Amino acid sequence: MSQQVCHIKWNADGLIVDGQQADLLPHEGGLKELLAAYYKSLGLNYPKFHKMDNLSKLGVLGVAMLSAQYDLSAYADDAIAMHFQNASASLDTDWVHQQNINEGKAASPANFVYTLPNIVLGEIAIRNKWYGENLFVVADSFDLERWMKTNQVLFDQNKAEAVLGGWVEVLEEKFELELYFVVKQ
Amino acid sequence: MNVYVTGIGVVSALGIGVAANQDALASGRTGIVSCETRKGPKLKGCLSLSDEVLKSRLGLELSAQVPRTAMLAMLAAEEALGDTVMHTDIRSGFINGTTTGGMDLSEAYFSALYLEEDDSEMVKLLTHDLGTVTQLVNQRLGFTNYVNTLSTACSSAANAIMLGARMIKAGMIDRVLVGGVDALTDFTVDGFGSLMIYDSEHCRPFDEERVGLNLGEGAGFLLIENDKSLAQSQNKVLARCAGWANANDAYHQTGTSPEGNGAALAMIEALKVAQLTPSAIDYLNAHGTATKNNDNSELSAIDRVFEGVDVDFSSTKANTGHTLAAAGGIEAVYGIMSILTGAVFPNLNWKNKMLSSDRKPVLTYTKKEINAVMSNSFGFGGNSTSLIFTKA
């Protein structure tokens, strides 16, 4: 069995952290600027953040919010599994990279490294020094029950003491994060 | 529960089929050639047969919309499957690792759109996604119980093999075709070029002077079975899939840690699963992409895992190019060929020993008894996988 100890829901309508609803931070511009505003307000000192694509930024910020709510430092470096899903994979960045090629421009390494959806897991793992299980699934929509079933397998096989993840979706200006932290009972 | 390898199939720049690849590897031939691109010549490991030729070889209609990726996979998958027929009592599956999917056709559409302002071919995007390629291949194979597509960059096929082996061990399936495929695309060639790790000359794995990789294309598949499936198929056992592990390096998006932590973890854990000591490994087919970063990190990891053991190792990337998602499948086939033929394949283009280690790769085709091989595949995101195959 497992217990859900933290839940964050974040989209264009606002931010809900463990049931506490807040308006989005004021920002000028689009999603990039919104994510920058949260980076600032969370007081993250992590310059690598600025090189990330929006999908990775959204994941990294979500985990930072969650760890401000709930102490993750007590876990061993391979005890927390990551299990994320989305519908658009890395299409948001794939498109930018492909467009450079289509137009005969030089491809940019800053884009190319983000043309895989599992890079968001890599970014979170790098920032938190986590070496546990990680899985990224591409699905039409988020099915919490199914997501939990996979987590239960990780718990049953003693692969993880907790699972962090959920839904992390970015396509152009549209974004949606639904982040859960569940612990094995 | 034993996991038997009963079929192997491979397509690479060295040719179609196990025999063609065996001949090329034994004679130290490379399939990497200079190809014309919009941005000048590039060295690529390209199978020298056009899509049209592949279609006719596969008996497909010339007008059929089938990505090159799917065709490469069909050739290798059908070779691995051989005469094996589906049986209702045998739970069977297909797990395909790929990263480029049907992107070769998507690029043909984009190229027509941007260079010729011709938007009539938008239908080409319908075969873009990875799962569509798996489905197109499976339409010919007919697996029904479990079909899945994995994408973990350059360890995709190795992870497909690992998942299949674990499903057999867990009693979830009896027979599964596992491996991977990728075709060459501008998306990947330009992408690796942008990272400044694409060698304009032939790549030199594990050479101190190496500067980068050449990309390649191909597919590699294994048919793996449990005892029940074997009794029904009567297939000959070629090898056993004995060990597997996947670990996260958690160091950099596209690079690996200098110490090769993820690689070392994967190799150590795979040895544990196989219940073998490092000295039992007769041949290690390394990931060996010939980038500064990979070979340095992988050799550090090998030094640590194989401390005091002079393991025979080589990279076959200078023969095939780096085939990305397919690499783990193609090189698993090569590992099994090594067991079957009793030989270690040479590492081409090597001249200068790396300063960071005393080890040097095997440079000549060497015959010897091979009881166990290890095959490494490491992908972007820190995704590190090691597989072990043993003699039947």
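Let us look at the structure shown here. Computed from a predicted model, the values in this text were never measured in an experiment.

The rules behind the values
Residues numbered from 1 in each chain as written. Chains lettered and ligands numbered in written order. Predicted model: local features only at pLDDT ≥ 70, side-chain atom pairs only at ≥ 80, totals over all residues. Heavy atoms only, no water. Helix = DSSP H or I, 4+ residues; strand = E, 2+ residues; numbered from the N terminus. Buried < 20%, exposed > 50% of the residue type's maximum accessible area, 1.4 Å probe, protein only. Areas by Shrake-Rupley, 256 points an atom, 1.4 Å probe, with all protein chains shown as cover. Lys, Arg positive; Asp, Glu negative; His and termini not counted. Charge placed at Lys NZ, Arg CZ, Asp CG, Glu CD. Rg over C-alpha atoms; globule rule 2.2 N^0.38 Å. Contact = heavy atoms within 4.5 Å. Buried area = accessible area lost by both parts, 1.4 Å probe. Salt bridge = Lys/Arg side-chain N within 4 Å of Asp/Glu carboxyl O. Polar contact = N/O pair within 3.5 Å; in protein donor to acceptor, adjacent residues only side chain to side chain. Expected span 1.5 Å × (residues − 1). Core = buried A, V, L, I, M, F, W, Y, C linked by side-chain atoms within 4.5 Å. Pairing = 2+ DSSP bridges. Axes fitted to C-alpha atoms, helices over the stretch in contact; angles between N-to-C directions.

## Re the overall build of chain A
Summing up its helical and strand segments, chain A has six helices and seven strands in all. Helices (α) and strands (β) of chain A occur, in sequence order from the N terminus, as β-β-β-α-α-β-α-α-α-β-α-β-β. Seen along its three principal axes, the alpha-carbon backbone of chain A occupies a region of about 55 × 35 × 30 Å. For chain A, with 185 residues in total, the buried portion stands at 52%. When the accessible area of chain A is evaluated, it comes to approximately 8,700 Å², of which 49% is carbon and sulfur surface. The averaged location of the 24 negative side-chain charges in chain A is 6 Å from the averaged location of its 14 positive side-chain charges.

## A word on the overall build of chain B
Check the secondary structure of chain B and you find twelve helices and 15 strands. Scaling as 2.2 N^0.38, a compact globule of 392 residues should have a C-alpha radius of gyration of about 21 Å, and chain B matches this with 20 Å. Within chain B, the proportion of its 392 residues that are buried is 61%. For chain B, contacts bridging at least 24 residues in sequence account for 78% of all contacts bridging at least 6. A distance of 6 Å separates the average location of the 30 positive side-chain charges in chain B from that of its 42 negative side-chain charges.

## Points about the interface of chain B and chain A
Opposite the 25 residues of chain B that make contact, chain A presents 30 residues. Note on chain B versus chain A: buried area summed over both sides is about 2,400 Å², and carbon and sulfur give 62% of it. Inspection of the chain B/chain A interface yields zero salt bridges. The tally of links from chain B across to chain A stands at seven residue pairs in polar contact (both at pLDDT 80 or more). Of all elements in the fold, only α4 (103–116) and α7 (186–194) of chain B reach the threshold of two or more residues within the side of chain B that touches chain A. The biggest single contributor to the side of chain B that touches chain A is α7 of chain B, with seven residues.

## What about the pattern of salt bridges?
Residues and elements named next belong to chain B. By the definition in use, this model includes 16 salt bridges over all chains. As a salt-bridge pair, D51 and R68 come within 2.8 Å of each other at their nearest N and O atoms. Linking D51 in helix α2 (residues 51–58) with R68 in helix α3 (residues 68–81), this pair joins segments that are 17 residues apart in sequence. Using a relative accessible area of 23% as the deciding quantity, one classes D51 as partly exposed.

## Concerning unusual backbone geometry
Leave glycine aside and you will find that most residues have negative phi; peptide bonds, for their part, are mostly trans. One non-glycine residue with positive phi stands out, namely N158 of chain A, at about 55°. Residue position: N158 of chain A is located in the loop between α6 (144–156) and β6 (162–171). On the accessibility criterion, N158 of chain A (62% relative accessible area) is exposed. Look at E117 of chain B: it is not a glycine, yet its phi comes out positive at around 50°. Tracing the sequence through the fold places E117 of chain B in the loop between α4 and α5 (130–141).

## Section: helix α9 (residues 261–274) of chain B
All names here are of chain B. If you check α9, its first and last C-alpha atoms are 20 Å apart, about what 14 residues at 1.5 Å a residue would give, namely 20 Å. For α9, the set of buried residues is G262, A263, A264, A266, M267, A270, L271 and A274. On the buried face of α9, the contacting elements are β9 (239–248), α10 (292–305), β14 (372–379) and β15 (383–391).

## Observations concerning the nonpolar core
If you look at the biggest cluster of nonpolar residues, it comprises 64 residues, and the most contacted ones within it are W10, F84, L164 and F181 of chain A together with F192 of chain B. For this core, the element with the most residues is helix α2 (residues 54–69) of chain A, which contributes eight residues. Here F181 of chain A is in contact with Q3, Q4, V5, C6, L66, Y70, L72, Y75, I80, A162, V163 and L164 of chain A, once residues within four sequence places are set aside. I168, V176, Y334 and F345 of chain B belong to the second largest nonpolar core, which has 42 residues in total.

## Brief notes about the environment of V63 of chain A
All names here are of chain A. Positionally, V63 belongs in helix α2. The class of V63 is buried, set by a relative accessible area of 2%. On a C-alpha basis, the gap between V63 and N128 in space is 9.4 Å, while along the polypeptide they are 65 residues apart. When neighbours within four sequence positions are excluded, V63 is seen to be in contact with I124, N128, W130, L164 and L179.

## Looking at the sheet that holds strand β7 (residues 174–184) of chain A
Residue and element names in this part refer to chain A. Here seven strands make up an open sheet; going across it, the order is β3-β2-β1-β7-β6-β4-β5 and the pairing mixed. The sheet is open, and its two edges are formed by β3 (20–22) and β5 (134–138), each paired on a single side. If you compare each strand with its neighbour and ignore which way they point, the axes differ by 15° on average. When strand β4 (residues 80–86) meets β5, the two strands line up parallel, connected through five bridges. Each bridged residue has a counterpart across the sheet, and for N86 the counterpart in β5 is V138.

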